[in-house]
Amino acid sequence: MRPLIFAANWKMHLGPEGARRFLHSFLERHEALPDRETWFFPSAVALETVARLTGDRPAIRTGAQNVYWEPKGAFTGELSVGMAREAGAQAGLVGHSERRHVFGETDQETGRKVRALLESDLTPMLCVGEKIEQREAGETLGVVQRQLSALDGLGRDALAQIVIAYEPVWAIGTGKTATPEDAAEVHAAIRDWFTERGVSPETTRVLYGGSVKPDNIHALISQPEIDGVLVGGASLDPASWSEIVRVTLD
Ligand code: PEP
């Protein structure tokens, strides 16, 4: 069975010292469970700290929140995949809704970032999801499929490496959550998209993100279509993050 993934997106919070304090508190109460992995996406400056402090725990992985596809050069402010890897990253988040809607990242750009990560053997976690007006217009599946088309042209083996996080934009940081059934419907459509391209449904990993909290994690993770969660706000507090990652499955 593929392990469940509990991924923390720390956004623009916690520098190296904040990350160190967080991990001191979190690791003290953390017990690795065989059916799951915990992933951290810290700020770029805290990547090395998180990778170093969790390096002896195989079920904890570290990833970059964003990367640029060029390996080096005159790209002020950007982080190459090689640099992220050197700092200890094993994965990279791509196409988070804040990247798409605050910084104008396009599907074409997300496609290039995914390819750059794959070329360096880092796991891409591609975020997809609709805005509220798109959901109300019945366009959710169309939007998600358009965002997945950034992966067009990749072969089955490459596609099998990619983790998808379905994050409805209207649920991120708002306290609103998709119902577990609504999320499961989109997850099933995403899994079908991969199956049609030759990836076994058992291999495809689709996470849910959007206002996941200790009090709704159980209902979400109990959906067989949901292979884990990507969490912003509730991953910043060691106590609530511990509660989320040790949720009991039925
Ligand atoms: C996110 O940033 O990916 C996210 C899902 O945030 P939150 O959990 O705060 O809604």
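Coordinates for the structure precede this section.
Definitions and limits used
Per chain, residue numbering runs from 1 following the sequence as it is written. Selection of residues for local features in this predicted model requires a pLDDT of at least 70, selection of side-chain atom pairs for listing and counting requires 80 or more, and totals for whole chains, interfaces and linings are taken over all residues. The side-chain quantities take in all heavy atoms of the structure and omit both hydrogens and water. Helix numbering and strand numbering both begin at the N terminus, where a helix is a DSSP run of H or I of at least 4 residues and a strand a DSSP run of E of at least 2. Summary of the burial criterion: residues with accessible area below 20% of their type's maximum are buried, those above 50% are exposed, and those between are partly exposed, where the area comes from a 1.4 Å probe applied to protein chains only. Only the stretch in contact is used when a helix axis is fitted, and all axes are lines through C-alpha atoms; the angle between N-to-C directions ranges over 0 to 180 degrees. An angle counts as roughly parallel when it lies under 35 degrees, as roughly antiparallel when it exceeds 145, as roughly perpendicular when it falls between 65 and 115, and as oblique in every other case. Whether a crossing is left-handed or right-handed is set by the direction in which the near helix is turned from the far one by less than a right angle, anticlockwise for left-handed and clockwise for right-handed. Throughout, a residue-residue contact means that at least one pair of heavy atoms, one from each residue, lies within 4.5 Å. Ten residue types, Ala, Val, Leu, Ile, Met, Phe, Trp, Tyr, Cys and Pro, are classed as nonpolar, four, Asp, Glu, Lys and Arg, as charged, and the remainder, Gly among them, as polar. For two strands to be treated as a pair, DSSP must find no fewer than two bridges joining them. Viewed with both strands pointing away, a crossover whose connecting path from the first strand over the helix to the second turns clockwise is right-handed. By convention in these notes, a residue is near a molecule or strand provided one of its non-hydrogen atoms lies within 4 Å of it. Side-chain atoms alone can form a polar contact between residues adjacent in sequence; in general such a contact is a pair of N or O atoms within 3.5 Å, and within protein one must be able to donate a hydrogen while the other accepts it. The method behind every accessible area is Shrake-Rupley, applied with a 1.4 Å probe, and residues are considered shielded solely by the protein chains displayed. Residues enter a nonpolar core if they are buried and are Ala, Val, Leu, Ile, Met, Phe, Trp, Tyr or Cys, with the set joined through side-chain atoms within 4.5 Å. Salt bridges are defined by distance alone: a side-chain nitrogen of Lys or Arg within 4 Å of a carboxyl oxygen of Asp or Glu.

**Student:** Give a detailed account of unusual backbone geometry, specifying residues and quantitative values.
**Tutor:** Positioned with a positive phi, lysine 11 is a non-glycine residue whose angle comes to about 50°. Looking at the element boundaries, lysine 11 is found in the loop between strand E1 (4-9) and helix H1 (16-29). For lysine 11, a relative accessible area of 22% puts it in the partly exposed group. Backbone geometry places leucine 14, a non-glycine residue, at a positive phi of 65°. Residue class for leucine 14 comes out partly exposed when judged on its relative accessible area of 24%.

**Student:** An account of the packing of H1 against helix H2 (residues 47-54) is requested, with residue identities and associated values reported.
**Tutor:** With their axes 9 Å apart at the nearest point, H1 and H2 run at an angle of 25° to one another. As far as their axial angle goes, H2 and H1 are roughly parallel. Pair H1 / H2 crosses with right-handed handedness. Contacts between H1 and H2 involve Pro16, Ala19, Arg20, Leu23 and Leu27 from the first element and Thr49, Val50, Leu53 and Thr54 from the second. Classifying every residue of the contact of H1 with H2 by side-chain character gives 6 nonpolar, 2 polar and 1 charged.

**Student:** Report on the pairing of strand E3 (residues 60-64), specifying residues and quantitative values.
**Tutor:** Side-chain direction in a regular strand flips from residue to residue, so the side chains alternate between the two faces of the sheet. With 5 of 5 residues buried, E3 lies mostly within the body of the structure. Both faces of E3 are covered, namely the face carrying Ile60, Thr62 and Ala64 and the face carrying Arg61 and Gly63. Bridging between strand E2 (residues 36-41) and E3 involves 3 bridges; their strand directions are parallel. Across the sheet, residue phenylalanine 40 finds its bridge partner in E3, namely threonine 62. In this region the chain leaves E2, passes through H2 and returns to the parallel neighbour E3; the handedness of that crossover is right-handed. Note that E3 and strand E4 (residues 91-94) share 2 bridges and pair parallel. Within E4, the residue paired with alanine 64 across the bridge is glycine 92.

**Student:** Can you explain the site of the ligand? Please cite residues and give values.
**Tutor:** Around the ligand, 14 residues are found, and the nearest of them are Lys11, Glu167, Gly173, Ser211 and Gly232. With respect to the ligand, the side chain of lysine 11 contributes an N or O atom lying 2.7 Å from an oxygen atom. Here an oxygen atom of the ligand and a backbone polar atom of glycine 173 are 2.6 Å apart. Coverage of the ligand by the protein amounts to 97% of the 300 Å² it exposes when considered alone. Its residues assigned to classes, the shell around the ligand shows 4 nonpolar, 8 polar and 2 charged.

**Student:** Can you tell me about the nonpolar core, naming the residues and giving the values?
**Tutor:** Judged by nonpolar contacts, the single largest core of 61 residues is most densely connected at Phe6, Phe40, Leu148, Leu151, Ile164, Ile190 and Trp241. One finds Leu93, Met125, Ala165 and Leu207 within the second-largest nonpolar core, a separate group that totals 12 residues.

**Student:** Residue-level account of the sheet that holds E4, with values.
**Tutor:** Spatial ordering of the closed barrel is given by E1-E2-E3-E4-E5-E6-E7-E8, a layout of 8 strands whose pairing is parallel. Each strand of the sheet is rotated relative to its neighbour by a mean of 25°, with strand direction disregarded. Where strand E7 (residues 205-209) lies against strand E8 (residues 228-231), 2 bridges are found, and the strand directions are parallel. Opposite tyrosine 208, over in E8, you have valine 229 as the bridge partner. Here helix H7 (residues 140-148) sits on the sheet and contacts strand E5 (123-128) and strand E6 (163-166); the angle it forms with E5, its principal contact strand, is near 150°.

**Student:** Just give me the short version of the pattern of salt bridges, but keep the residues and values in it.
**Tutor:** A complete count under the given rule lists 15 salt bridges for this structure. Among the salt bridges present, the one from aspartate 227 reaches arginine 2, with a minimum N-O distance of 2.7 Å. Taken together, the residues aspartate 227 in the loop between helix H10 (217-221) and E8 and arginine 2 in the segment before E1 connect sequence positions 225 residues apart. A salt bridge links glutamate 105 to arginine 99; the shortest N-O distance between them is 3.5 Å. Arginine 99 sits in the partly exposed class, given a relative accessible area of 22%. When salt bridges that share partners are traced, they join Arg2, Arg191, Glu202, Glu225 and Asp227 into one network.

**Student:** Can you explain the side chain of threonine 49? Please cite residues and give values.
**Tutor:** Its location among the elements puts threonine 49 in helix H2. The residues contacting threonine 49, other than those within four sequence positions of it, are Pro16 and Arg20.

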